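Structure assessment
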Number of protein chains: 2
Amino acid sequence: MSKNLTKRSEDYSKWYNELVVKTELAENSGVRGCMVIKPYGYAIWEKMQQILDKMFKETGHQNAYFPLFVPKSYFEAEEKNAEGFAKECAVVTHYRLKNNPEEKGKLMVDPEAKLEEELIIRPTSEAIIWNTYKGWIQSYRDLPILINQWANVVRWEMRTRLFLRTAEFLWQEGHTAHATKEEAIEETEKMLGVYAKFAEEYMAVPVIKGLKTETERFAGADETYCIEALMQDGKALQAGTSHFLGQNFAKAFDVKFANKEGKLDYVWATSWGVSTRLMGALIMSHSDDNGLVLPPQLAPIQVVIIPIYKGKEQLEAVRARIQPLINELQKRNISVKFDDRDTQKPGFKFNEYELKGVPIRLAIGQRDLENNTFEVARRDLLTKETISGENIVEHIENLLVDIQNTIYQKALTYRNTHITEVNSYQEFKEVLETKGGFISAHWDGTPQTEAAIQEETKATIRCIPLDVKNEKGVCIYSGKPSNRRVLFAKAY
Amino acid sequence: MSKNLTKRSEDYSKWYNELVVKTELAENSGVRGCMVIKPYGYAIWEKMQQILDKMFKETGHQNAYFPLFVPKSYFEAEEKNAEGFAKECAVVTHYRLKNNPEEKGKLMVDPEAKLEEELIIRPTSEAIIWNTYKGWIQSYRDLPILINQWANVVRWEMRTRLFLRTAEFLWQEGHTAHATKEEAIEETEKMLGVYAKFAEEYMAVPVIKGLKTETERFAGADETYCIEALMQDGKALQAGTSHFLGQNFAKAFDVKFANKEGKLDYVWATSWGVSTRLMGALIMSHSDDNGLVLPPQLAPIQVVIIPIYKGKEQLEAVRARIQPLINELQKRNISVKFDDRDTQKPGFKFNEYELKGVPIRLAIGQRDLENNTFEVARRDLLTKETISGENIVEHIENLLVDIQNTIYQKALTYRNTHITEVNSYQEFKEVLETKGGFISAHWDGTPQTEAAIQEETKATIRCIPLDVKNEKGVCIYSGKPSNRRVLFAKAY
């Protein structure tokens, strides 16, 4: 298999698109802005789902399912949100097609089947869910409600990119209801912690936990928490958000509860979500000019075994030798594939699994059979060594752990060496253009300065890190006083 | 908890609706025809998904995801389907809302954001998927393609009922592509077998495997296989379908492959699906006037433990006693809930779990503590007995198996005693009105007779059973010769 992959240094964006398509993760569909997630890509997403779902359940959440459609009036109830992204969305206006009487074989919208009220395909589900919660909540005894939903959502995007920005995407959205402000904030922060843990321990992607500025905040939230990751091209990527919604949605949909003292109050809310965008973060964090590099925790195939043989007899000898190994690996929950296709040469297969990012490749030929050895190659470092068959299982188990750690450490080192403190706007612009990455700088706290910097440099404030220290300084743009640094970056 | 559940004998339909809502499985949403699947209902659906997904993977299938939207022209390509249910569907015509300049706080469809081509929310995905497969298939080496998708679909239904018929519903749809007709038929039958196994072994619902008549066949299929179940009111319910699509979709979307001889041929196809409708089948097959009866294999809570106590000290004594039991049950993958709420009395809890169909209820009070006993109640038979603590774990394990079998046998007996052979139209109508169930009768094989019988009696041909015997006879309606009996019934 010839790779013909554009190099990252040549054109990072082209490299990414080619990689996603050549590795059969996803492709563009015939529907503008919508992608097809192919089996190899979906298998990674499924692993993400399973791990996250377990983490949600361990923190007390249950899954449920709410309608795809949101009546237009629900967005009107929720004024702030209506000012936000709810506008660029898919609108259902009719409920029937009919045969076009003027052109045989053609269909047309039936004008008699016009909906009284337009339905919006959910861009997010706060509106439909809070309209539902209204019927579920009377007293503090009905709280908290801790619900998550796995669903598809649609936001009409003009410029789309596979996984990173698509009109339809898959995500999970948690929507919780609480009796007190403190409890809701605690939930918001807890779920941010779940996302950070998932990103770092499973995706091997280091993230910075922070708060969004008012400009970047979710419409309808009092506070938006986020995790921000850094891609290899020095651009940041928002990998997950957790919103403290205050009483905004409860007020918009009139959801009150009787507290322990019998007094009526509005319910406190949170919402939090991650999406198939994480696939983009995963790909761009680790992969190289040879193809994908997948962390073992999320790799659909963790170990591939390739036989080197001439003729059926040699193949069967290899098969007999490796079957006990396969059984033993599967017993330890290691996913393994034996590629015995006789239509492709070993070199082709080596290339293919390198491209597809399989963490460990074993090759076994006739000399290995004689010597009881395996050639073991690791994808992340592109190294290989000969390992005795006697301790091959333990070797693989340890190697998977080591690869996971190595990938994470590499990303962490890159990220840490790409957070630059600057103290002037000139320096800011230079770092942004030459090195990229996060830029830690003083900001005067105004949306005006934020907007001016974005206008002039395309950099935005990614977050105010949760662990930021108080530090007196002056805004790099306005020269006004500032009490702490924030993180700027160009972003996906 | 007072149940106030309508009796099945009074009004079966009302009983069903009340049951679904009171047990918090689902409820109607603010969007016409769309339901909210609540956590308890979704937990059952999740169990169904997990089991089916495993069965699909064990038979070689992979998951993928295709767009929610289908361009109108795709349905035109597929003429037969366009004549079918594709017409009653949700149509997206615009991609933006804007503030209504004439009414503050109101939104309106932006007339400038009209789509060039309308998008249909998928009622099923053959069209979008075969349009995609076209790009994936060149040669026999690319075949078979064995893909499944878990998704939401929308069919604009005028009369909806929770789970049984909703505008939006959740389902899985398998779409496979093959090099030969034989292989495609084998796949169609294999997946019907998977569905039948799932229905009988997990849902405890006996089903009849059969073929649909041409009238009832899926538009675009050469043959539709189905599994048909019988509800307690004597009405049939189609629980799953598997379609042999022939080369129809390959021809509609021009999908050809080079076979081993290098000759171009159209690809052979299948599709198969089950939906949240299965929830309706599950509920109506087993439940009674006291509430849900859930088979242990699909019950989100298999065992509930209720403490009988006065004061904190007694509760703690119970807690100490049952904690090792809970650990042991969980170790054996038995889901158990200890209900220590002090806001409700034991009697209320007994009623609640009876209503919710939890298979086994343990109660433990102070005398049980002294005697090392448990009161064990089974939901299906509404019986209870006192069991020694010494062998309680094995007792529960065996009881779960016994309950699963008992529920299935009860449904099977009901079903088997409700298949009636008739030899005249008079007899047919009498059985249909008095006893209901499946009616086995000779039919002349014409759509005209089928339509006339449906018109006069509302009964349809549910299927031609796969195991039907050849038998000479005369059609009950037309008197024309017939070679085999078919199964009629009124149906959901």
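Here is a short report on the structure shown in this document. Predicted model only: the values in this text are computed from it and were never measured. (Residues numbered from 1 in each chain as written. Chains lettered and ligands numbered in written order. Predicted model: local features only at pLDDT ≥ 70, side-chain atom pairs only at ≥ 80, totals over all residues. Heavy atoms only, no water.)

Considering the pairing of strand β19 (residues 360–364) of chain B
Residue and element names in this part refer to chain B. What counts, and what does not: Whether a residue is buried, partly exposed or exposed follows from its accessible area with a 1.4 Å probe, protein chains only, as a fraction of its type maximum: under 20%, in between, or over 50%, in that order. Labels follow the DSSP assignment, with helices taken as runs of H or I lasting at least four residues and strands as runs of E lasting at least two, numbered in each case from the N terminus. Strands are treated as partners if at least two bridges between them are detected by DSSP.
By the criterion of burial, β19 is predominantly enclosed, with five of the five residues buried. Residue alternation in β19 divides its side chains into two sets, Ile360, Leu362 and Ile364 and Arg361 and Ala363, and both sets are buried. Across five bridges, strand β17 (residues 303–307) lies against β19 in parallel orientation. For Ile305, the partnering residue across the bridge sits in β19 and is Leu362. Taken together, the four bridges between β19 and strand β20 (residues 373–378) define a ladder with antiparallel strand orientation. By the bridge assignment for β20, Arg361 is matched with Ala377.

Quick word on the interface of chain B and chain A
As a measure of interface size, the accessible area lost when the parts come together is often cited. Stated precisely, the cut-off is as follows: What makes two residues a contact is simply this: any of their non-hydrogen atoms within 4.5 Å. Put simply, buried area is the surface a 1.4 Å probe can reach on two separate parts but cannot reach once they are joined, added for both. Salt bridges are defined as contacts in which a side-chain nitrogen from Lys or Arg sits within 4 Å of a carboxyl oxygen from Asp or Glu. Any pair of nitrogen or oxygen atoms within 3.5 Å is treated as a polar contact; in protein, a donor-acceptor pairing is required on top of that, and neighbouring residues in sequence qualify only through side-chain atoms on both sides.
The partner chain A presents 64 residues to the 63 residues of chain B that form the contact. Note on chain B versus chain A: buried area summed over both sides is about 5,500 Å², and carbon and sulfur give 63% of it. Among the residues chain B hides against chain A, the three largest losses belong to Tyr65, Leu97 and Leu107 of chain B. Together they make up 13% of the total. Seen at the junction of chain B and chain A, the total is six salt bridges. In this structure, Glu88 of chain B and Arg96 of chain A form a salt bridge, with 2.9 Å as the shortest nitrogen-oxygen distance. Between chain B and chain A we count 32 residue pairs in polar contact (both at pLDDT 80 or more) in total.

Digging into the packing of helix α13 (residues 425–434) of chain A against helix α14 (residues 447–457) of chain A
All names here are of chain A. Put simply, the rule is: To get an axis, fit a line to the C-alpha atoms, keeping to the stretch in contact for a helix; angles then go from 0 to 180 degrees between the N-to-C directions. The scheme is simple: roughly parallel for angles under 35 degrees, roughly antiparallel for over 145, roughly perpendicular for 65 to 115, oblique for anything else. Handedness of a crossing is defined here by the sense of rotation of the near helix relative to the far one, left-handed for an anticlockwise turn of less than a right angle and right-handed for a clockwise turn. Residues are sorted three ways: Asp, Glu, Lys and Arg are charged, Ala, Val, Leu, Ile, Met, Phe, Trp, Tyr, Cys and Pro are nonpolar, and all the rest, Gly among them, are polar.
Between α13 and α14, the shortest axis-to-axis distance is 12 Å and the interhelical angle comes to 45 degrees. Considered as vectors, α13 and α14 are oriented oblique to each other. As for how α13 packs across α14, the hand of that crossing is right-handed. In this structure, α13 contributes Tyr425, Phe428, Lys429 and Leu432 to the contact, and α14 contributes Ile453, Glu456 and Thr457. Partitioned by chemical class, the residues of the contact of α13 with α14 number four nonpolar, one polar and two charged.

Some remarks on the sheet that holds strand β13 (residues 236–246) of chain A
Residue and element names in this part refer to chain A. Taken in spatial order, the 11 strands line up as β3-β9-β10-β16-β13-β12-β11-β24-β27-β23-β22 in an open sheet, and their pairing is mixed. Of all strands in the sheet, those bounded by a partner on one side alone are β3 (62–63) and β22 (419–421). Of the pairings in the sheet, the one linking strand β11 (residues 208–211) to strand β12 (residues 223–230) comprises four bridges and is antiparallel in character. Paired with Ile208 across the bridge in β12 is Glu228. Packing against the sheet, α13 makes contact with β22, β23 (438–442) and β27 (485–489), and its axis sits at approximately 170 degrees to β23.

A closer look at the packing of aromatic side chains
Aromatic ring pairs are described here by two measures, namely the spacing of the ring centres and the angle between the planes. The cut-off we apply is this: When the centres of two rings from Phe, Tyr and Trp lie within 6.5 Å, Trp using its six-membered ring, the rings pair. Their planes under 30 degrees apart give stacked, over 60 give edge-to-face, and anything left gives tilted. Charge over a ring is defined by NZ of Lys or CZ of Arg lying within 6 Å of the ring centre and within 35 degrees of the ring normal.
For the structure shown, the criterion picks out 38 aromatic pairs over all chains. Ring centres of Tyr12 of chain A and Trp15 of chain A lie 4.9 Å apart, and the angle between their planes is 40 degrees; on these two criteria the pair is classed as tilted. Of this pair, Tyr12 of chain A and Trp15 of chain A both sit in helix α1 (residues 12–22), separated by three residues, roughly a single helical turn. There is no split in this pair, since Tyr12 of chain A and Trp15 of chain A are both buried. Aromatic side chains Trp130 of chain B and Tyr133 of chain B sit 5.3 Å apart centroid to centroid with 70 degrees between the ring planes, which places their arrangement in the edge-to-face category. Linking Trp130 of chain B with Tyr133 of chain B, this pair stays in helix α5 (residues 126–133), spanning three residues, or about one helical turn. The burial state of Trp130 of chain B is the same as that of Tyr133 of chain B; both residues are buried. Three or more aromatic residues link up through ring pairs in this structure, and these residues are Trp45, Phe56, Trp150, Tyr195 and Trp272 of chain A. A cation sits over an aromatic face here: Lys356 of chain A above Tyr40 of chain A, 4.5 Å from the ring centre.

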